[in-house]
Amino acid sequence: QQAVYFLSVVQKQAYLTMLRTATLSNCSCIFQRSSKCAVQKRVVCVTRAQLEKAEVEVQVLSSPLVEVEEKSVLQQFWYTYNNALEQTPIRVKSATSFFGFLLGDVLAQNIVGDVFDYSRVIRMIMFGMLMDGPIGHVWYTTLDKYVMPEDSKSTKAVLLKTFLDQALWAPMFCCVFFTFNNLFMGDLEHTSVDISTKLLPTMLANYAIWPLAHIINFRYVPTQQR
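1. Side note on the overall build of the chain
Moving on, step 1. Within the chain one finds 9 helices and 2 strands.
Moving on, step 2. What you see in the chain, going N to C, is helices and strands ordered as α-α-β-β-α-α-α-α-α-α-α.
Moving on, step 3. Within the chain, the fraction of its 226 residues that count as buried is 28%.
Moving on, step 4. The long-range share in the chain, meaning contacts at least 24 apart out of those at least 6 apart in sequence, stands at 60%.
Moving on, step 5. Total accessible area computed for the chain in this model is approximately 15300 Å², and 64% of it derives from carbon and sulfur atoms.

Next up, the structure:
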């Protein structure tokens, strides 16, 4: 499709003709004939979506007002990212969580100013890649699927999804984080201590930032990019 996009108008029309004369399996048949000339009836098999898309593209490219501009590096990156996100969303979100947790922990350790803990960085990026990215994808997709999907950007839907995220997901996932962290440190028994002493202050810090962030998130950010 991308290669076809850059064809000239003449080539595009030739491509449309090719589509009309192609024979594809599992498709609807379109019969064409002329009453004014002796043209044998032709049977053209293409999917409706293919034919309609090709005809629209020919009309657009035939217009003298349309200029095809070469994509910038940033535009090409954004296109490639979104294409990968559509094809393999969990893999892409695991990668973005990997880099997000890497950057976040490096910044956090530098701000605190203690001796830099490389093993902690590894634990954070492993959590982001293995837990936050994949499970977060399932969670946010589920919210959009079941919480007012017919009006997902309405104020009521946004507030309800934010409430569910902060009342259910946030404390639960914090407990998952403490468990994962202690597991990789070889001290799983300490998880209950971390939850009892760290969960409340962690949630208070969370509520200072994420409710507002998620209101913006659920209102303006497409589901696949969350």
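2. So, the packing of helix α6 (residues 118-146) against helix α7 (residues 155-185)
Moving on, step 1. The interhelical angle for the contact between α6 and α7, taken along N-to-C directions, is 155°, at an axis separation of 11 Å. In terms of orientation, α6 lies roughly antiparallel with respect to α7. Handedness of the crossing formed by α6 with α7: right-handed. Facing α6, whose interface residues are Arg123, Met124, Met126, Phe127, Met131, Asp132, Ile135, Gly136, Trp139, Tyr140, Leu143 and Asp144, α7 presents Lys161, Leu164, Asp165, Trp169, Phe173, Val176, Phe177, Phe180, Asn181, Phe184 and Met185.
Moving on, step 2. For the contact of α6 with α7, the residue count by class is 16 nonpolar, 2 polar and 5 charged.

3. Details of the side chain of arginine 123
Moving on, step 1. On the secondary structure map, arginine 123 appears in helix α6.
Moving on, step 2. Look at arginine 123: it is buried, it has no salt bridge, and the nearest opposite charge is aspartate 117 at 4.4 Å.
Moving on, step 3. With near-sequence residues (within four places) excluded, arginine 123 lies in contact with Asp117, Phe180, Asn181, Phe184 and Met185.

4. Brief notes about the nonpolar core
Moving on, step 1. Counting residues in hydrophobic clusters, the biggest one holds 13 residues, and the most contacted among them are Tyr140 and Leu143.
Moving on, step 2. Of all the elements in the fold, those that place two or more residues in this core are α6 and α7.
Moving on, step 3. When residues no more than four places from it in sequence are discounted, the contact partners of tyrosine 140 are Asp165, Trp169, His214, Phe218 and Thr223.
Moving on, step 4. Cys174, Phe178, Leu199 and Met203 belong to the second-largest nonpolar core, a separate cluster that totals 5 residues.

5. Some thoughts on the confidence of the model for the chain
Moving on, step 1. Counting all residues, the mean pLDDT for the chain is 81, and 69% of those residues have values of 70 or more.
Moving on, step 2. Contacts of residues 1-7 to residues separated by more than four positions or lying in other chains number 13 contacts, the stretch itself having pLDDT below 50.
Moving on, step 3. For the stretch residues 23-46, pLDDT sits under 50, and the model shows 38 contacts to residues farther than four places along the chain or on other chains.

6. Concerning a nonpolar patch on the surface
Moving on, step 1. Residues Leu159, Leu212, Ile215, Ile216 and Tyr220 make up a contiguous nonpolar surface patch of about 520 Å² in total accessible area.
Moving on, step 2. Relative to the helices and strands, leucine 159 resides in helix α7.

7. Regarding unusual backbone geometry
Moving on, step 1. One non-glycine residue, methionine 148, lies in positive phi territory at about 45°.
Moving on, step 2. Along the chain, methionine 148 falls in the loop between α6 and α7.

8. A word on the side chain of serine 94
Moving on, step 1. In this structure, serine 94 sits in helix α5 (residues 89-112).
Moving on, step 2. At a separation of 3.1 Å, a polar atom in the side chain of serine 94 contacts the main-chain carbonyl oxygen of methionine 129.
Moving on, step 3. The contact partners of serine 94, leaving out residues within four places of it in the chain, are Gly128, Met129, Gly133 and Pro134.

9. Here's the deal with helix α9 (residues 210-220)
Moving on, step 1. Among all positions of α9, only His214, Asn217 and Phe218 are buried. On an axial view of α9, the arc spanned by its buried residues comes to 85°, and they lie on one face. Looking at α9, the residues exposed on the side facing more than 90 degrees away from the buried face are Leu212 and Tyr220.
Moving on, step 2. Tucked into the core, α9 has its buried residues touching α6 and α7.

Cut-off values and rules
- Residues numbered from 1 in each chain as written.
- Predicted model: local features only at pLDDT ≥ 70, side-chain atom pairs only at ≥ 80, totals over all residues.
- Heavy atoms only, no water.
- Helix = DSSP H or I, 4+ residues; strand = E, 2+ residues; numbered from the N terminus.
- Buried < 20%, exposed > 50% of the residue type's maximum accessible area, 1.4 Å probe, protein only.
- Contact = heavy atoms within 4.5 Å.
- Areas by Shrake-Rupley, 256 points an atom, 1.4 Å probe, with all protein chains shown as cover.
- Axes fitted to C-alpha atoms, helices over the stretch in contact; angles between N-to-C directions.
- Parallel < 35°, antiparallel > 145°, perpendicular 65-115°, else oblique.
- Left-handed = near helix turned anticlockwise from the far one by under 90°.
- Nonpolar A, V, L, I, M, F, W, Y, C, P; charged D, E, K, R; others polar.
- Lys, Arg positive; Asp, Glu negative; His and termini not counted.
- Salt bridge = Lys/Arg side-chain N within 4 Å of Asp/Glu carboxyl O.
- Core = buried A, V, L, I, M, F, W, Y, C linked by side-chain atoms within 4.5 Å.
- pLDDT = per-residue confidence, 0-100.
- Patch = residues over 30% accessible without salt bridge, like charges linked within 9 Å, V, L, I, M, F, W, Y side chains within 5 Å.
- Polar contact = N/O pair within 3.5 Å; in protein donor to acceptor, adjacent residues only side chain to side chain.
- Arc of directions from axis to C-beta.

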